[in-house]
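This is what each chain is made of:
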Amino acid sequence: MKFDEVIGQEETKQRLVQLVAEGRLPHALMLCGPQGSGKMALAMAFASYLLSEASVAAAAQEPVSMFGDEPAGPVRNANAEAMLAKMEHPDLHFTFPVIRPSGTSSEHKMVSDDFISEWRGMLATDGAYFTMDRWLDAMNAANQQALIGAGESDDLIRKLSLKSSQGGYKVSIIWLPERMNQECANKILKLLEEPPTQTVFLMVCEAPEQLLETIRSRTQRINVPRIKTEDIEQALAARRGIEPEEAHRIARLAGGNWLKALETLDADNENRMFLDMFIQLMRQAYKRDVKSMKQWSEQVASFGRERQMRLLTYCSRMIRENFMFNFGQPDLCYMTQEEEAFARNFARFINEANVVEISDLLARAQRDIGQNANGKVVFYDLALQMIVLLIKK
């Protein structure tokens with residue numbers, strides 16, 4: 001993984017390389033940002049940079065090409081390059097949330113290496129841009145939640161205590177550290193307080209507020225912004241051969257999220273299913289079809305919790321977009337052609353009298369699902385309350 005494979009984020013790339021060039025590289029960095037912004041891509045590219053001969057050149061203050069195939073200065077080690085291309089370098093360690101497969105002994109502490117084949121397979125297929133849901137599918141997780149447990153911290157301590165095989169940095173990439181349990185977080189904290197020699201921790205985080213304050217205080221945070229629309233537009237044209245006009249529409253709709261841009265290209269993408277579920281809910285609420293609404297809530301309850309959360313997020317966005325549609329300002333609306341077609345007849349039902357209450361209702365449902373409330377109860381209650389709110393004028 002090289003920096004030129006990362007979509008956009010030029011300022012962040014330059015900042016990371018500058019830390020090395022100026023000898024100011026901290027032992028722990030935390031890359032924080034929204035989904036689809038390329039945090040993991042940046043972490044993997046920076047890890048490759050540190051573990052390649054480019055880091056040696058930077059330390060010697062020789063010129064280094066960040067984005068070209070070959071750097072100036074020392075010749076790259078062919079073996080290291082081959083290992084980095086497959087993300088199998090012996091000094092690169094991945095930590096990520098995992099599940100406990102059925103039939104696994106309770107005495108066995110699950111660690112990332114239990115799923116390293118699935119992890120590398122996903123990276124080979126999807127690259128550095130993927131979602132938690134994609135990772136759960138790769139693990140065949142069904143409805144299980146993925147966590148980072150105490151066994152992982154013990155395993156990482158053991159790995160990092162070993163001498164670097166290549167005589168340079170050892171890099172630990174921790175994906176979604178907010179999913180560490182308490183025991184694991186406490187052990188990782190101790191590791192950050194007394195880091196092994198020449199070890200760099202790269203934490204890729206989406207919810208830093210869920211981490212221990214003491215962990216956050218021992219890392220240097222780098223906020224990764226959403227990808228610029230023009231960068232997504234260029235990537236769609238260069239990597240997917242999309243025509244300029246269509247690429248512009250998709251990039252604008254993506255809102256800085258490369259994963260969302262890719263979903264829009266997928267003929268069977270999840271958002272189309274979510275649109276259908278949203279239309280069903282609104283039509284049934286308008287007709288006060290309680291029986292159909294009960295069936296709708298049972299169908300949604302059969303989804304995994306991660307998908308339920310994404311559906312609620314999608315519904316919240318559609319409420320916002322339909323409200324804005326009433327103002328007749330196309331530049332304020334971010335919808336696909338299918339979403340706009342529904343909004344032409346539906347948008348008038350979302351107005352000043354109910355938009356805030358409907359948004360609050362969806363937010364409460366998200367909170368309840370996040371706290372493991374019964375899905376059938378949450379979504380049936382949501383559907384019934386929608387009947388009252390939808391007729392407000």
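Preceding this section is the structure that the text describes.
Since we're looking at a predicted model, the values are computed, not measured.

1. Focus on the layout of surface pockets
Unfilled space is identified by rolling a water-sized probe across the atoms. By volume, the second largest pocket is sized at about 310 Å³. Considering every element that reaches the lining of the second largest pocket, the biggest residue donor is helix α11 (residues 244-254), with six residues. Grouping the constituent residues of the lining of the second largest pocket by class yields six nonpolar, three polar and five charged.

2. Digging into helix α17 (residues 355-370)
Counted at 1.5 Å a residue, the expected span for α17 with its 16 residues is 22 Å, and the 23 Å between its end C-alpha atoms agrees. Every buried residue of α17 is listed here: Val355, Ile358, Leu361, Leu362, Ala365 and Ile369. Projected down its long axis, α17 shows its buried positions confined to an angular sector of 130°, all on one face.

3. Some thoughts on the pairing of strand β2 (residues 92-95)
Burial along β2 is two-sided: Leu92 and Phe94 and His93 and Thr95, pointing in opposite directions, are all buried. Bridge count for β2 against strand β3 (residues 170-175) is four bridges, and the pairing is parallel. Looking across to β3, one finds that Leu92 is bridged to Val171.

4. Some points on the packing of helix α13 (residues 270-287) against helix α18 (residues 375-390)
Between α13 and α18, whose axes approach to 8 Å, the crossing angle comes to 65°. Note on packing geometry: the crossing formed by α13 with α18 is right-handed. When α13 is examined against α18, the residues Leu281, Met282, Ala285 and Tyr286 are found in contact with a partner set consisting of Ala383, Met386, Ile387 and Leu390. Each residue belonging to the contact of α13 with α18 can be placed in one class, and the counts come to eight nonpolar, no polar and no charged.

5. Quick look at the environment of Arg226
Mapping Arg226 onto the fold places it in the loop between β5 (220-223) and α10 (229-240). Residues Arg226 and Ala247 lie 21 residues apart in sequence; the distance between their C-alpha atoms is 17 Å. Engagement of the side chain of Arg226 in a polar contact is seen with the backbone oxygen of Gly255, the distance being 3.4 Å.

6. Here's the deal with the pattern of salt bridges
Under the definition given, this model contains 21 salt bridges. Residue Lys187 is joined to Asp154 by a salt bridge in which the shortest nitrogen-to-oxygen separation is 2.9 Å. One end of the pair, Lys187, is in helix α8 (residues 182-193); the other, Asp154, is in helix α7 (residues 150-160), with 33 residues separating them in the sequence. The exposure class assigned to Asp154 is partly exposed, which follows from its relative accessible area of 32%. Each of Lys109, Asp154, Glu183 and Lys187 takes part in a single network of salt bridges with overlapping partners.

7. Focus: the packing of aromatic side chains
Per the counting criterion, the structure on display carries 18 aromatic pairs. Ring geometry for Trp119 versus Trp135: centroids 5.2 Å apart, planes at 90°, classification edge-to-face. Of this pair, Trp119 sits in helix α5 (residues 116-126) while Trp135 sits in helix α6 (residues 132-138), and the two are 16 residues apart along the sequence. A residue is classified by how much of its surface remains accessible, and Trp119, at 0% relative accessible area, is buried. A relative accessible area of 0% places Trp135 in the buried class. Between Trp296 and Phe379, the aromatic rings sit 6.2 Å apart at their centres with planes inclined by 75°, giving edge-to-face as the arrangement. Taken together, the residues Trp296 in helix α14 (residues 290-301) and Phe379 in helix α18 connect sequence positions 83 residues apart. You'll find Trp296 and Phe379 in the same group, each marked buried. Of the aromatic side chains, those joined through ring pairs into one cluster are Phe94, Phe96, Phe115, Trp119, Phe130, Trp135 and Trp175. Stacked on the ring of Phe303, the Lys or Arg Arg307 has its end atom at 5.9 Å from the ring centre.

8. Remarks on empty space enclosed by the protein
Within the structure shown, the criterion is met by one cavity of 30 Å³ or more. There is about 130 Å³ of room inside the largest cavity. As for the largest cavity, its lining consists of 15 residues, and the residues nearest its centre are Gly36, Lys39, Met40, Phe130 and Glu206. Of the residues that constitute the lining of the largest cavity, the class distribution is nine nonpolar, four polar and two charged.

9. Quick look at the sheet that holds strand β1 (residues 28-32)
Sheet architecture is open: five strands sit in the order β2-β3-β4-β1-β5, paired in parallel fashion. Strand pairing shows two members of the sheet lacking a second neighbour, β2 and β5, which therefore form its edges. Adjacent strand axes in the sheet meet at a mean angle of 20° when their direction is disregarded. Docked against the sheet, α7 engages β2, β3 and β4 (199-205), running at close to 175° with respect to β2.

10. So, the packing of α14 against α18
Think of two packed helices as two axes; the pair is described by the angle between the axes and how far apart they sit. Relative to each other, α14 and α18 sit at 140°, their axes nearing to 8 Å. Between α14 and α18 lies a crossing whose hand is right-handed. Contacts between α14 and α18 involve Val290, Met293, Lys294, Trp296, Ser297, Glu298, Val300 and Ala301 on the former and, on the latter, Gly375, Lys376, Phe379, Tyr380, Leu382, Ala383, Leu384 and Ile387. Looking at the contact of α14 with α18, its residues break down into eleven nonpolar, two polar and three charged.

What counts, and where the lines are drawn
Residues numbered from 1 in each chain as written. Predicted model: local features only at pLDDT ≥ 70, side-chain atom pairs only at ≥ 80, totals over all residues. Heavy atoms only, no water. 1 Å grid on protein atoms, 1.4 Å probe; cavity = no way out; pocket = protein on both sides within 12 Å on 5 of 7 lines; lining within 4 Å. Points joined across faces, edges and corners; volume = space filled by probe spheres on them. Helix = DSSP H or I, 4+ residues; strand = E, 2+ residues; numbered from the N terminus. Nonpolar A, V, L, I, M, F, W, Y, C, P; charged D, E, K, R; others polar. Expected span 1.5 Å × (residues − 1). Buried < 20%, exposed > 50% of the residue type's maximum accessible area, 1.4 Å probe, protein only. Arc of directions from axis to C-beta. Pairing = 2+ DSSP bridges. Axes fitted to C-alpha atoms, helices over the stretch in contact; angles between N-to-C directions. Left-handed = near helix turned anticlockwise from the far one by under 90°. Contact = heavy atoms within 4.5 Å. Polar contact = N/O pair within 3.5 Å; in protein donor to acceptor, adjacent residues only side chain to side chain. Salt bridge = Lys/Arg side-chain N within 4 Å of Asp/Glu carboxyl O. Phe/Tyr/Trp six-rings, centres within 6.5 Å; stacked < 30°, edge-to-face > 60°. Lys NZ or Arg CZ within 6 Å of the ring centre and 35° of its normal.

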